[in-house]
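Residue-level structure breakdown
Take a look at the letters that make up each chain.
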Amino acid sequence: MEEETETVENRNNLVFAVNGERFEVSAIHPSTTLLEFLRSRTPFKSVKLGCGEGMSNCFVYGYQSGKLTSNGFLHFFFPKCWIMSEGLGNTKDGLHPIHQRFSGFHASQCGFCTPGMCISLFAALVNADKTNRPQPFPGFSKLTVSEAENAITGNLCRCTGYRPIVDVCKSFASDVDIEDLGFNSFWKKGETKEIKLSRLPLYKNNDQTCTFPEFLKRETRSTVILDHGRFCWHTPVSVKNLQSILESSKADNGTSMKLVVGNTGMGYFKELGDYDKYIDIRYIPELSRIKRDKTGIEIGAAVTISKVIEALKEGNGGEHPTQGAVVFKKIADHMEKVATRFIRNSASIGGNLVMAQRKQFPSDITTILLVVGTVVEIMNGLRCEKLRLEEFLERPPLDSNSVLLSVKIPQCSPSIDISSRFNGKLLFETYRAASRPSGNALAYLNAAFMVEVSPCRSSDKLMINHCKLAFGACGKRQVIRAWKSEEFLTGKLLTNEVLYEVVKLLRGTIAPDDDITDPGYRLSLAVGFLFKFFSSLTETADISNGWFGWGKNSLMPKDSNGKQTYGQFDDGKHLTFLMSGHQVLKSSKEYDPVGQPITKLEASIQASGEAVYVDDIPSPVNCLYGAFIYSTKPLARIKDITFRTKSLPDGVFALISSKDIPEGGANIGAGAFSYTEPLFADGLAECFGHRVALVVADTQKHANEAAEHAVIDYHTENLELPILSVEEAVMKSSFFEVLPFFQPRQVGDLSKGMAEADHKIISAEIRLGSQYYFYMETQTALAVPDEDNCIVVCSSTQSPQFVQTTIARCLGVPEHNVRVITRRVGGGFGGKALKSIPVAVACAVAAHKLRRPVRIYVNRKTDMIMAGGRHPMKITYSVGFRSDGKITALKLDILIDAGMAAIISPILMPHNIINALKKYNWGALSFDIKVCKTNLPGRSTMRAPGELQGSYIAEAVIEHVASTLSIEVDSVRKINLHTFDSLKIFYEGSAGEFQEYTLPCIWDKLAMSSSFSERTEMIKEFNRCNIWQKRGISRVPIVHEVKKFNKPGKVSILSDGSVVVEVGGIEIGQGLWTKVKQMAAYGLSLIQCDAIENHLLDKVRVVQADTLSMIQGGITGGSTASESCCEAIRLCCNILVERLLPLKEKLLKEVGAVNWDTLIRQAYAQSTNLSASSYYVPEINSKAYLNYGAAVSEVELDLLTGAVTILQADIIYDCGKSLNPAVDLGQVEGAFVQGIGFFMLEEYITNSDGLVVPEGTWKYKIPTVDTIPRQFNVELLNSGNHQKCVLSSKASGEPPLLLAASVHCATRVAIKEARKQLRSWSSSFEGLDSTFDLPVPATMPVVKQLCGLENVETYLKWKIGRS
Ligand SMILES: Cc1cc2nc3c(=O)[nH]c(=O)nc-3n(C[C@H](O)[C@H](O)[C@H](O)COP(=O)(O)OP(=O)(O)OC[C@H]3O[C@@H](n4cnc5c(N)ncnc54)[C@H](O)[C@@H]3O)c2cc1C
Ligand code: FES
């Protein structure tokens, strides 16, 4: 410690700036992260907690370092400054053009991700503008389009589908073609480029936002040697310092200690508890420097991955880079796919290697550095030693006293003796396969190959002089060297025979661990990578012509034109993400401003981070925090709950369980309709994730830690085995009753239909899994006790009314004692309809008992475990059809897994499944649906609940029929589309009028606009010419019934003419408030004052839902809440107009003209009642109506990895007379992308013990910007008048999600091609069925499995046989 004081100025305070404001902190726990500090100790809330794992979007821009950062500890050595979105601009000081463009491009929905997106873009702009590229045109930055697309690759958004966000980013790029930018509110169609440019909010690329504050310039480099009770933080500034700290810790037996750099490892390992000592090694010069000489690059272990990338790329320019420089460039390229940019900005190379060495972290960096012969230097005590990376990895896990000092990446060059004899050349390539192509997902497998080859003089083949083949991320062994394969290859001429042999050897070497998922797939990836690397070398005959010319950035061979060749491969490296998108929408002036694409109400305050979500409400004085303790058994009795720690964990105040329900109250956690479920398991836990208790502590962190430390004493004596599948539920007759009223209607006579069939498929099976909501804001609530036994609860919920009634029942108080307030929800997707209720109720119970405010912000892991999600199901069907594909009868047996709680499964699911499935004319339709009760988490509504599955089941049946008949599936779809007559039979009561049935017109229109037939032909040609890529295209229709619900509304006009509006619906990102505001402006404009229309819109404010002010709000869901709320508001406006009209007429007569403000002043003077309420109850025969749409999707498969790229999606969706086309467009795109998640990516599974497997973002992958369609075209069809609809508008929230089935269907087409090819290679695959089950989601392993895990070997054998 003494030594430190010699070299470092110690001080007791940390001084830094946030958004230009000075902060000085004297006492803070060493483990406090920047995020925690910003959210709890500053007024700024734009950084949000999304996952706590570094995978989502919650970060700030460090403007001294020029970096984005998130997870790191608060401690630092230099005075620091950070900027968050509200620091860029805000409503008081003026918004930043980034915020304005987010709003104008309609790029924010729930807005929870938006500040993070803004900061990501800002960082990209600042970095681009720092370059010495030519000055861009005024208003633009130096950013390029491709950098703009990359700016948000690490960010997650669950609402928008990313397309408009990418447009915002591109709008700043100097090389953007403005015509490529999507729909926005800045310009109108047909305006000139110049006008368009002039309308964009001006960006000044000499932005002064990041000026280092004067007050920080006076601060010296300093650090806190922090003394927080028993915890302390050290910042050594030399290796000597470090050694002495380590020595003193060693002497101090029992002191726990941790070296830290970026602390990003915490996102993966989620360590519990604190260390006594944290040693921050970032400021030790020896560990932070990069030395370069002709032997290679030596990198200090604390250097960030971003800096390593920069260093590796440095000096790589020029026409003829050295082989070593090209190797460095390739390593850098691979590292750019490690994590995300903001993680790479803080994460160190040393931290990565240590995580791999110590805890088998599936690192990419170890694999790629290993093959290039990297050497590391380790220090233990005073001893330092240098080791080859390989040796380092093989050693026992590094102890906590050892330090990795540096990493030396040697300059690679061919060995001299070999090159002199054979003119040898190095070939180097790295690979990774992951669910997201550009990073932010751990690899299923990574690989790096370094091979030295030379031409053989006696043949046209290549000789392998030596090689290193390494594979990583496949289990406990961090990196596997394929020694046997290497030995075998050395000295061999490269032929298909040799390749075949080496592949066989490789299969014996890379045996992924048993406990790893998809071992067969990972093995096939290893083979695929190896094949990809070598096959272009075996297949190129002319080795003299350009074989060893060095590409600018490649060590792979070149073709005869001097171009780098990947042979038949295309690993997507050259492709940008979203190439373009077209949006076709018509606005209508009929009900102006209803029908106008006005920007979303709070988009700009969402962007600036000023929008307040529940967790942004400052904690009241004495606030406590809760975390759920849940069962980790599917079925067990709960005897007791204790803690793993000897004493009560830090900060714990109370443990709330069913015993704490007050007298007169009931243990109810969720109640809606006739259903209730307990708040806490009362002695018996019925699923993994069942709430057992709530631990309440002084901070959210302490509460979460205590919950993790909880130990539940279970016993299972005399209990039956849990029911963990629908089959077991059937065996035990464990069902929830579906009342006859909720039973869907069968159609026609099944036996007659079957008798009419030429062919039958009997008892085919489909299984569909679950999906997690992945709202960016997890479940959260704040309960504050009020006087006289009252309570105020702020809840992020889609159903405040049910929160209120459930709290009242639980506490045993009248409902008027409970005020529930919901301003906005950071994403709901149905997950906050009912699952939000117990969170708010638990807060209320704890607050009631402790007489203190209590809040809960459920962490991502707990949320994922308790959420339940979409209903999985098993479907067995029999179908009869004629030879032309016309289906005559369909019989279904559906087993729905509702989990342990009914919630609304029996009410909703059977009806919704069948309704969406009826989109085709099945002739006769019969079904048996069982809602199974299992010991799995209770499922709930998720966007398009049941409809998504029903619509997909229909497609699966159609596809099965088409492949049985070997006819084009599109023609089977077409022949089975409804006529208006059959539509009326299937959708009795909701089919509407003949002219409203727009599906046939959409079907044909889409064929034209997407060039469906031409592209189908082109795809055939593509598939004929390409071996390792196959394409597929598919067109899918939807018919989706929605029902309008009762909704209350209230409009009040204040004395200055401003208007306040309340509705029973909740703004969850779907634009409900915006539409309501438009409707209020329209409704009141009917009074027809002078020049009223335009300014009325600005006068309207929609305010938060408050259950004591607006009763009977019900649930916001089912796609129709916006229109029902609008109708309620229209009714209110009618009342007000009626009241005001006599006065207006009178004034008109008296003074000749009346403006709005005068009218209202006079109305106040005359004591007119200027507040009107209404309760919209749709008439029974106009409650339900049908929505139509269709989509064409085209995909490309990589047969070596199973990766699916969505090349294009075209959607036409009938929105009627859209209330707001911009909002509806956002709903269509966002829903479609969420559907892509369900069909292609998201695996929300439970294991055989009933435990939820994905507990966070590491395993659960929602779509990112690199997984959406590259070309994304959407047309909103304005289909004219619809009497049953509100001002002829139609819903958009859920139906478009169903259209994403087109991506899955297109994938099936492409897989079919792959299987056809496989059959052509080997007779052993002759029986390979062209009818196959393509599971949902069709993840990479699933696709690869269906394309043949051994397709490479089969191909090679075929090739060899032909030569
Ligand atoms: C969201 C996310 C995605 C990721 N994706 C990938 C990926 O795709 N591929 C991949 O390879 N990696 C990935 N990573 C891992 C990332 O590269 C590592 O988290 C990072 O490199 C660790 O660096 P750090 O400085 O934050 O280490 P820290 O978290 O500070 O430290 C990690 C561990 O190493 C120890 N340590 C650190 N430095 C030293 C040293 N010099 N000597 C001894 N011990 C030391 C620490 O005590 C700690 O135990 C991902 C990480 C995140 C958070
Ligand atoms: S707007 Fe992106 S998560 Fe909601």
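Use the structure listed above.
I will try to describe carefully the structure that is included in this document.

About the thresholds
Residues numbered from 1 in each chain as written. Chains lettered and ligands numbered in written order. Predicted model: local features only at pLDDT ≥ 70, side-chain atom pairs only at ≥ 80, totals over all residues. Heavy atoms only, no water. Core = buried A, V, L, I, M, F, W, Y, C linked by side-chain atoms within 4.5 Å. Buried < 20%, exposed > 50% of the residue type's maximum accessible area, 1.4 Å probe, protein only. Helix = DSSP H or I, 4+ residues; strand = E, 2+ residues; numbered from the N terminus. Contact = heavy atoms within 4.5 Å. Near = heavy atom within 4 Å. Polar contact = N/O pair within 3.5 Å; in protein donor to acceptor, adjacent residues only side chain to side chain. Areas by Shrake-Rupley, 256 points an atom, 1.4 Å probe, with all protein chains shown as cover. Nonpolar A, V, L, I, M, F, W, Y, C, P; charged D, E, K, R; others polar. Salt bridge = Lys/Arg side-chain N within 4 Å of Asp/Glu carboxyl O. Pairing = 2+ DSSP bridges. Axes fitted to C-alpha atoms, helices over the stretch in contact; angles between N-to-C directions. Expected span 1.5 Å × (residues − 1). Phe/Tyr/Trp six-rings, centres within 6.5 Å; stacked < 30°, edge-to-face > 60°. Lys NZ or Arg CZ within 6 Å of the ring centre and 35° of its normal. Parallel < 35°, antiparallel > 145°, perpendicular 65-115°, else oblique. Left-handed = near helix turned anticlockwise from the far one by under 90°.

Regarding the nonpolar core
Here is a general trend for soluble globular proteins: nonpolar side chains tend to be buried in one another's company. Ranked by internal contacts, the top residues of the largest apolar core, which has 313 residues, are Met335, Phe471, Phe534, Leu892 and Trp922. A per-element tally of this core places helix α22 (residues 519-539) first, with eleven residues. Excluding residues within four positions of it along the chain, Leu892 makes contact with Ile875, Thr876, Tyr877, Ile914, Leu917, Leu925, Ser926, Phe927, Asp928 and Ile953. If you look at the next biggest cluster of nonpolar residues, it comprises 42 residues, including Val1061, Tyr1082, Cys1132 and Cys1133.

Things to note about the site of ligand 1
Taken together, 37 residues are adjacent to ligand 1, and Leu259, Thr264, Gly265, Ser348 and Asp364 come closest. Within the contact set of ligand 1, an oxygen atom lies 2.8 Å away from a backbone nitrogen or oxygen of Asn263. Here an oxygen atom of ligand 1 sits 3.2 Å away from a polar atom, N or O, in the side chain of Arg358. For ligand 1, the accessible surface in isolation is 970 Å², of which the surrounding protein chains cover 97%. Put simply, the parts of the chain that give the shell around ligand 1 at least two residues each are β10 (257-260), α15 (341-346), α16 (349-359) and β16 (402-410). Across the shell around ligand 1, the residue classes tally to 21 nonpolar, eleven polar and five charged.

Topic: the environment of Ser438
By the element assignment, Ser438 lies in the loop between β17 (425-433) and β18 (445-455). On the accessibility criterion, Ser438 (16% relative accessible area) is buried. Remark: the alpha-carbon pair of Ser438 and Gln323, spanning 115 residues in sequence, is separated by 25 Å. At 2.4 Å, the side chain of Ser438 forms a polar contact with the side chain of Asp1266.

A look at helix α2 (residues 34-41)
Turning to α2, its buried residues number three or more, namely Leu34, Leu35, Phe37, Leu38 and Arg39. Where α2 is buried, its residues touch β2 (14-18), β3 (21-25), β4 (60-62), β5 (67-69) and β6 (80-83).

Quick look at the pattern of salt bridges
Tallied over the entire structure, the rule returns 70 salt bridges. Among the salt bridges present, the one from Lys1099 reaches Asp1157, with a minimum N-O distance of 3.3 Å. Taken together, the residues Lys1099 in helix α37 (residues 1093-1099) and Asp1157 in helix α39 (residues 1156-1165) connect sequence positions 58 residues apart. Among the residues examined, Lys1099 registers a relative accessible area of 19% and is labelled buried.

Re the sheet that holds β5
Pairing within the open sheet is mixed, and its five strands lie in the order β3-β2-β6-β4-β5. The open sheet has two edge strands with one neighbour each: β3 and β5. The mean angle between the axes of side-by-side strands here comes to 35 degrees, regardless of whether they run parallel or antiparallel.

Some details on helix α42 (residues 1301-1321)
A rise of 1.5 Å per residue sets the reference length of α42, with its 21 residues, at 30 Å; its end C-alpha atoms lie 31 Å apart and thus fit the reference within 8%. Extensive coverage of α42 is indicated by the burial of 15 of its 21 residues.

Overview of unusual backbone geometry
Cis peptide bonds are those with omega within 30 degrees of zero, and the linkage from Asp592 to Pro593 qualifies with 0 degrees. Counting through the fold element by element, Pro593 comes out in the loop between β21 (583-584) and α23 (603-608). For the peptide bond that leads from Val1336 to Pro1337, omega is 0 degrees, which places it in the cis range. Checked against the element boundaries, Pro1337 lands in the loop between α42 and α43 (1340-1348). Unlike most non-glycine residues, Ser763 shows phi in positive territory, near 55 degrees. Of note in this structure, Asp788 is not a glycine but carries a positive phi near 55 degrees. Residue Asp788 is classed as exposed on the basis of its relative accessible area, which comes to 67%.

Re the packing of aromatic side chains
The tally for this structure, following the rule as stated, stands at 48 aromatic pairs. Where Phe105 meets Trp187, the ring centres are 6.3 Å apart and the plane angle is 85 degrees; that geometry is what we call edge-to-face. Linking Phe105 in the loop between α4 (97-104) and α5 (114-129) with Trp187 in the loop between α7 (163-170) and α8 (193-199), this pair joins segments that are 82 residues apart in sequence. We note that Phe105, like Trp187, is buried. Seen from their ring centres, Phe137 and Phe140 are 6.4 Å apart, and the 55 degrees between their planes marks the pair as tilted. The lysine or arginine in question, Lys492, covers the ring of Phe488, its NZ or CZ lying 4.0 Å from the ring centre. The side chain of Arg824 reaches across the aromatic face of Tyr613, ending 5.7 Å from its centre.

A closer look at the side chain of Gln700
Within the element layout of this structure, Gln700 appears in helix α24 (residues 700-709). What makes Gln700 buried here is its relative accessible area of 15%. Polar contacts involving the side chain of Gln700 include one to the main-chain amide nitrogen of Tyr857, which spans 3.1 Å. The contact partners of Gln700, leaving out residues within four places of it in the chain, are Tyr625, Gly626, Ala627, Arg855, Ile856 and Tyr857.

Digging into the sheet that holds strand β14 (residues 375-380)
Pairing within the open sheet is antiparallel, and its five strands lie in the order β12-β13-β16-β14-β15. Taken across any chain shown, the strands that pair with only one partner, and hence form the sheet edges, are β12 (290-293) and β15 (383-388). On average, each strand axis in the sheet is inclined to that of its neighbour by 20 degrees, with strand direction left out of account. As paired elements, strand β13 (residues 296-300) and β16 share five bridges and run antiparallel to each other. Residue pairing across strands places Ile299 opposite Val407, the latter belonging to β16.

Topic: the packing of helix α13 (residues 305-313) against helix α14 (residues 323-335)
The angle between the axes and the distance between the axes are what describe a pair of packed helices. Remark: α13 packs on α14, axes separated minimally by 8 Å, with the N-to-C direction vectors making an angle of 150 degrees. In terms of axis orientation, α13 runs roughly antiparallel to α14. Taken as a pair, α13 and α14 cross one another with a handedness that is left-handed. Residues Ile305, Val308, Ile309, Leu312 and Lys313 of α13 form the contact with α14, whose own contacting residues are Phe328, Lys329, Ile331, Ala332, Asp333 and Met335. When grouped by side-chain class, the residues that make up the contact of α13 with α14 number eight nonpolar, no polar and three charged.

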